[in-house]
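Report on the structure
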Amino acid sequence: MACHLASAISSSLRITNPTPTNSLLSFPPTLSHLLPFHKSITFLSLRSSTIPPTKPLQVRSVATPTESIAGFDDMVAGTERKYYMLGGKGGVGKTSCAASLAVKFANNGHPTLVVSTDPAHSLSDSFAQDLAGGALIQVDGPDYPLFALEINPDKAREDFRDAAKQNGGSTGVKDFMDGMGLGMIEDQLGELKLGELLDTPPPGLDEAIAISKVMQFLESPEYNMFTRIVFDTAPTGHTLRLLSLPDFLDASIGKILKLRQKIASATSAIKSVFGQENTRQDAADKLEKLRERMIKVRELFRDTDSTEFVIVTIPTVMAVSESSRLSASLKKENVPVKRLIVNQILPPSASDCKFCAVKRKDQTRALDMIQNDPELSTLSMIQAPLVDVEIRGVPALKFLGDIIWK
Ligand SMILES: Nc1ncnc2c1ncn2[C@@H]1O[C@H](COP(=O)(O)OP(=O)(O)OP(=O)(O)O)[C@@H](O)[C@H]1O
């Protein structure tokens, strides 16, 4: 196949900016000094016998946001804490973009925390460093402190499952409800689906609890230092469910707690005889805390001053369609979303192999779709190139970040 990696253009790659100024963005003659792990990193382009290796390759710019939306200067300004959530379809480059943003913030003076709430974590792979274990781990390399946190959803859920277990050693809903003093009205609570939440939680719950865990962490002094927090979120489906979960949980837990209060006086005498009052109170407290945090998560997602959700996509019809739906849902839920990263764009070339020509046509169609999509066309589009090596480690993430975040 003619689509070889672009070592042929490493020494003189130049990218033209498509803005009216047509300014040139020059890449270092070779990127090997930036990327010690690889001789050079270049856009996946064509080895074309028609392009002499010394001739600068003029390609249309990538990574140029729409003018009307402020760029990285705006993102980096100020020391008050800001949250960036990157989300989109599976495999489009959410982690790479989130990690590159975190590196860029840290290199611009912000003590930064990057958090993965995706049950299938890939921050460790992206930073080429072991960040597993659910604790804060410092990432080696950036100028200012950059810490990573991979939330383990199972662990985060343990607290709530424990509440059920404490009531008789079973994880069953019935026992949990009994423990809450609600056994006799369990049927009435069926539609609240608390049992499902505890026993077989829907995907969004993992993430909601993971994010609420982060909210809990952020209340502790250890986390005060962070002025930028970047979330690498789970794929779209989880995010959509997550968005409606706080309301759902708030309503469910609110109802449960209210019902519990109503019957508390009637059952307290019996409970104290059986010596389970404290345990039950614990369970209620945990639910109440979960509810409070869920409200905070909901507020955080909708706070235009401190939060931005960045959609990451790739130029394929399927990914663009999914991004459009995600954008519509985010807007409906009043989640602030301004930017759309279109990742893995083939850079133009003077001559395409057959495979690349077809691929490029496909990508052009998807990009046109974005321009004509009522949801996506209003967002600031940032086009990021497909590069010819895997983006792993801080130098590579810095390289990607300098292209994307301007
Ligand atoms: N612009 C790019 N050029 C080349 N490779 C890329 C680019 N962006 C991402 N990749 C590669 O694509 C793969 C998937 O990227 P990444 O893990 O960031 O995606 P993701 O959306 O977070 O995936 P998941 O949904 O599985 O968590 C990785 O191997 C990454 O190195």
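Residues numbered from 1 in each chain as written. Predicted model: local features only at pLDDT ≥ 70, side-chain atom pairs only at ≥ 80, totals over all residues. Heavy atoms only, no water.

We now examine the packing of helix H10 (residues 317-332) against helix H11 (residues 354-372). Two elements in contact, H10 and H11, have axes separated by 9 Å at closest approach and are oriented at 20°. For the element pair H10 / H11, the angle class is roughly parallel. Considering the relative orientation of H10 and H11, their crossing is right-handed. Mapping the contact onto sequence places Val317, Val320 and Ser321 in H10 and Ala366, Met369 and Ile370 in H11. Class assignment of the residues belonging to the contact of H10 with H11 gives a composition of 5 nonpolar, 1 polar and no charged. (Axes fitted to C-alpha atoms, helices over the stretch in contact; angles between N-to-C directions. Helix = DSSP H or I, 4+ residues; strand = E, 2+ residues; numbered from the N terminus. Parallel < 35°, antiparallel > 145°, perpendicular 65-115°, else oblique. Left-handed = near helix turned anticlockwise from the far one by under 90°. Contact = heavy atoms within 4.5 Å. Nonpolar A, V, L, I, M, F, W, Y, C, P; charged D, E, K, R; others polar.)

Residues in close proximity to the ligand total 17 residues, the closest being Gly91, Lys94, Thr95, Ser96 and Pro385. With respect to the ligand, the side chain of Ser96 contributes an N or O atom lying 2.6 Å from an oxygen atom. Contact distances for the ligand include 2.7 Å between a nitrogen atom and a backbone N or O atom of Pro385. Considering the ligand on its own, with 630 Å² of exposed area, one finds that the protein chains cover 80% of that surface. Broken down by secondary-structure element, the contributors of at least two residues to the shell around the ligand are helix H2 (94-107) and strand S10 (337-345). Here the shell around the ligand gets 3 residues from one element, more than from any other, and that element is H2. (Near = heavy atom within 4 Å. Polar contact = N/O pair within 3.5 Å; in protein donor to acceptor, adjacent residues only side chain to side chain. Areas by Shrake-Rupley, 256 points an atom, 1.4 Å probe, with all protein chains shown as cover.)

This brings us to the pattern of salt bridges. Under the defined criterion, the tally for this structure stands at 9 salt bridges. In this structure, the salt-bridge partner of Glu322 is Lys89, at a minimum N-O distance of 3.6 Å. Taken together, the residues span a long stretch of sequence, with Glu322 in helix H10 and Lys89 in the loop between strand S4 (82-88) and H2 at a distance of 233 residues. For Glu322, a relative accessible area of 16% corresponds to the buried category. Take Lys89: its relative accessible area is 25%, and that puts it in the partly exposed class. The salt bridge partner of Arg360 is Asp352, with a shortest N-O separation of 2.5 Å. Several salt bridges share partner residues, and in doing so they unite Lys104, Lys398 and Asp402 into one network. (Salt bridge = Lys/Arg side-chain N within 4 Å of Asp/Glu carboxyl O. Buried < 20%, exposed > 50% of the residue type's maximum accessible area, 1.4 Å probe, protein only.)

Our focus in this paragraph is H11. With 19 residues, H11 should reach 27 Å at 1.5 Å per residue; the first-to-last C-alpha distance of 27 Å fits that figure. On its buried face, H11 is in contact with H10, S10 and strand S11 (380-385). (Expected span 1.5 Å × (residues − 1).)

This paragraph deals with the nonpolar core. The biggest cluster of nonpolar side chains holds 39 residues, and the ones touching the most others in it are Leu86, Leu101, Phe127, Ile341 and Trp405. Breaking this core down by element, the ones donating at least two residues are helix H1 (72-76), S4, H2, helix H3 (123-127), strand S7 (146-150), strand S9 (307-313), S11 and helix H12 (394-404). Tallying contributions element by element places H2 first for this core, with 8 residues. Once you skip the residues sitting within four places of it in the chain, Trp405 turns out to touch Phe72, Met75, Leu86, Cys97, Ser100, Leu101, Lys104, Val310, Arg339 and Ile341. Of all hydrophobic cores here, the second largest spans 33 residues; its members include Phe226, Leu300, Phe301 and Val342. (Core = buried A, V, L, I, M, F, W, Y, C linked by side-chain atoms within 4.5 Å.)

A separate point is the side chain of Asp232. Structurally, Asp232 can be placed in strand S8 (residues 228-232). Lacking a salt bridge, the buried Asp232 has Lys94 as its closest oppositely charged neighbour, with an N-O distance of 6.0 Å. Within the structure, the side chain of Asp232 is placed 2.8 Å from the side chain of Thr95, a separation counted as a polar contact. Once residues within four sequence positions are removed from consideration, Asp232 is found in contact with Leu86, Lys94, Thr95, Ala98, Val115, Ser116, Thr117, Asp118 and Leu123. (Lys, Arg positive; Asp, Glu negative; His and termini not counted.)

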